[in-house]
Amino acid sequence: MSKYLALLLITIGAVTAQQKVSVKIYYESLCEDSMAFFTKSFVPAWRDEDVQRYINLSLIPYGKSIPKSSDPNNRWDCHHGREECVGNKFQSCIIDKSSGLTVKNQVDFIDCLMNKADKSSAYMPTADTCASIVHTSITTLNNLKECAEGRQGNSIYEMNQNKTNALQNPLQSVPTIVFNDRYNKADSDTAQKSFLTVLCKYIMDSPKPKACDSVSGAPSTTAGLMSLVTAGLIYRML
Ligand SMILES: *[C@@H]1O[C@H](CO)[C@@H](O)[C@H](O)[C@H]1NC(C)=O
Ligand SMILES: *[C@@H]1O[C@H](CO)[C@@H](O)[C@H](O)[C@H]1NC(C)=O
């Protein structure tokens, strides 16, 4: 009797345990490769809710910025110029808890910015346009701007600087995508083109989300078999 109960518990455990994959994205708001990564690789995968629930997301806009002075209005040189600093800080404020936005809303907002921003024009008008497209309230938008232009923005940006330096100083390639806190250049390069391919590799549940069928050959069957064998072994040991 207790054996059956154990088997039942193992099965339930295997079905419900949902290990999220840690995904850290180091990027820049006006970097063409970062923009393409968001709009063509990451967000299309993210929009699938079956996939999204496996992602523990950290966005770190900073990239190849360089600290240059203690002047609070001019503390960093950004890779693609002054407007990129505006964009990076604005996005840092979207991502910060203080924005009150859900992760889903944060990604929608940033996806719009990454679609519409343009190196040759001012960033804030794009922020206004996107706020209206994704239905961010005027109050939230004003708070985000105040954050981005003030001390709070600098402090969050310094945190992004520290997180980026902890990975690589300077960052070798933008964007860099890190899965489960272990940098792997091949993963990062593949994810730039097909985020889903790499994410699915790290999802250990079986079956994997349906979307993974399109990017991985047989691994979901293999994983299913493995967990069955493991359950069988544990069962025999009891
Ligand atoms: C998500 O990642 C953060 C660190 O980036 C960690 O503190 C948190 O526990 C993780 N959450 C889940 C559900 O894995
Ligand atoms: C960043 O790192 C520096 C040096 O270790 C530290 O003094 C500073 O407080 C850190 N800043 C933030 C915002 O965590």
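Everything quoted here is computed from the prediction, not taken from an experiment.

Draft legend 1. A look at the overall build of the chain. Across its full length, the chain carries 11 helices and 5 strands. Within the chain, counting contacts between residues at least 6 apart in sequence, those at least 24 apart form 65% of the total.

Draft legend 2. Quick peek at the side chain of Thr164. Here Thr164 shows up in helix H8 (residues 151-167). The exposure class of Thr164 is buried, given its relative accessible area of 1%.

Draft legend 3. Region of the structure containing the site of ligand 2. Around ligand 2, the neighbouring residues are Ser155, Glu158, Met159 and Asn162. A distance of 2.7 Å separates a nitrogen atom of ligand 2 from a polar side-chain atom of Glu158. In the model, an oxygen atom of ligand 2 is placed 2.3 Å from a nitrogen or oxygen of the Asn162 side chain. Look at ligand 2: alone it shows 360 Å² of surface, and the protein chains cover 36% of it.

Draft legend 4. Broad picture of the sheet that holds strand E1 (residues 21-27). One open sheet accounts for 3 strands, arranged E2-E1-E5; its pairing is mixed. The open sheet is flanked by strand E2 (55-61) and strand E5 (176-179), the only strands paired with a single partner. On average, adjacent strands in this sheet sit at an angle of 15° to one another, irrespective of strand direction. Relative to E2, E1 runs parallel, the two being bridged by 7 bridges. In the strand pairing of E2, Lys24 is matched with Ser58. This element, helix H4 (residues 82-95), spans E1 and E2 of the sheet and lies at about 150° to E2. Contacts from H8 reach E1, E2 and E5, with the element oriented near 105° to E2.

Draft legend 5. The environment of Tyr123, seen in detail. In this structure, Tyr123 sits in helix H6 (residues 123-133). On the basis of relative accessible area, Tyr123 is assigned to the buried category, the value being 1%. Sequence separation between Tyr123 and Val86 is 37 residues, and the spatial gap between their C-alpha atoms is 6.6 Å. Not counting residues within four places of it along the chain, the set of residues in contact with Tyr123 comprises Ser29, Leu30, Glu83, Val86, Gly87, Gln91, Leu113 and Ala117.

Draft legend 6. Summary view of the site of ligand 1. What surrounds ligand 1 is the set Lys20, Lys24, Asn56 and Ser58. Asn56 is positioned with one of its side-chain polar atoms (N or O) 2.3 Å from an oxygen atom of ligand 1. About the coverage of ligand 1: the protein hides 34% of its 360 Å² of free accessible area. In terms of residue class, the shell around ligand 1 is made up of no nonpolar, 2 polar and 2 charged.

Draft legend 7. Here's a closer look at the nonpolar core. Counting residues in each nonpolar core, the largest one holds 50 residues, and the members touching the most others are Val23, Ile25, Phe38, Phe42, Phe90, Phe179 and Phe195. Among the elements that line this core, the one with the most residues is helix H2 (residues 32-46), at 7 residues. Every residue in contact with Phe179, bar those within four places of it in the chain, is listed here: Val21, Ser22, Val23, Asp187, Ala191, Phe195, Val198, Leu199 and Tyr202. Formed by 6 residues, the second largest nonpolar core is a distinct cluster that contains Ile60, Leu171, Val174 and Val178.

Draft legend 8. Region of interest: the state of the cysteines. Within the structure shown, the criterion is met by 4 disulfides. A disulfide bridge connects Cys112 with Cys130, and the sulfur atoms are separated by 2.2 Å. Looking along the S-S bond of the Cys112-Cys130 disulfide, the torsion reads about -80°, which is the left-handed sense. Here the residue Cys112 occupies a position in helix H5 (residues 103-116), and Cys130 occupies one in helix H6, the gap between them amounting to 18 residues.

Draft legend 9. Spatial organisation of H2. Taking 1.5 Å of rise per residue, the 15 residues of H2 would be expected to cover 21 Å, and the 20 Å separating its terminal C-alpha atoms lies within 8% of that figure. A maximum bend of about 40° is found in H2 at Phe38. For H2, the set of buried residues is Ser34, Met35, Phe37, Phe38, Ser41, Phe42, Val43, Ala45 and Trp46.

Draft legend 10. Layout of the packing of aromatic side chains. Under the defined criterion, the tally for this structure stands at 12 aromatic pairs. Residues Phe38 and Phe42 carry aromatic rings whose centres are separated by 5.9 Å and whose planes lie at 80° to one another, so their mutual orientation is edge-to-face. One end of the pair, Phe38, and the other, Phe42, are both in helix H2, 4 residues apart, so they sit about a helical turn from each other. Of the two residues, Phe38 and Phe42, neither departs from the other in class, the shared state being buried. An angle of 5° between the planes, with centres 5.5 Å apart, marks the rings of Phe179 and Tyr202 as stacked. Of this pair, Phe179 sits in strand E5 while Tyr202 is found in helix H10 (residues 195-202), placing the two residues 23 residues apart along the sequence.

Reading the values: the criteria
- Residues numbered from 1 in each chain as written.
- Chains lettered and ligands numbered in written order.
- Predicted model: local features only at pLDDT ≥ 70, side-chain atom pairs only at ≥ 80, totals over all residues.
- Heavy atoms only, no water.
- Helix = DSSP H or I, 4+ residues; strand = E, 2+ residues; numbered from the N terminus.
- Contact = heavy atoms within 4.5 Å.
- Buried < 20%, exposed > 50% of the residue type's maximum accessible area, 1.4 Å probe, protein only.
- Near = heavy atom within 4 Å.
- Polar contact = N/O pair within 3.5 Å; in protein donor to acceptor, adjacent residues only side chain to side chain.
- Areas by Shrake-Rupley, 256 points an atom, 1.4 Å probe, with all protein chains shown as cover.
- Pairing = 2+ DSSP bridges.
- Axes fitted to C-alpha atoms, helices over the stretch in contact; angles between N-to-C directions.
- Nonpolar A, V, L, I, M, F, W, Y, C, P; charged D, E, K, R; others polar.
- Core = buried A, V, L, I, M, F, W, Y, C linked by side-chain atoms within 4.5 Å.
- Disulfide = S-S within 2.5 Å.
- Expected span 1.5 Å × (residues − 1).
- Bend = angle between axes of the 7 residues up to and from the residue.
- Phe/Tyr/Trp six-rings, centres within 6.5 Å; stacked < 30°, edge-to-face > 60°.

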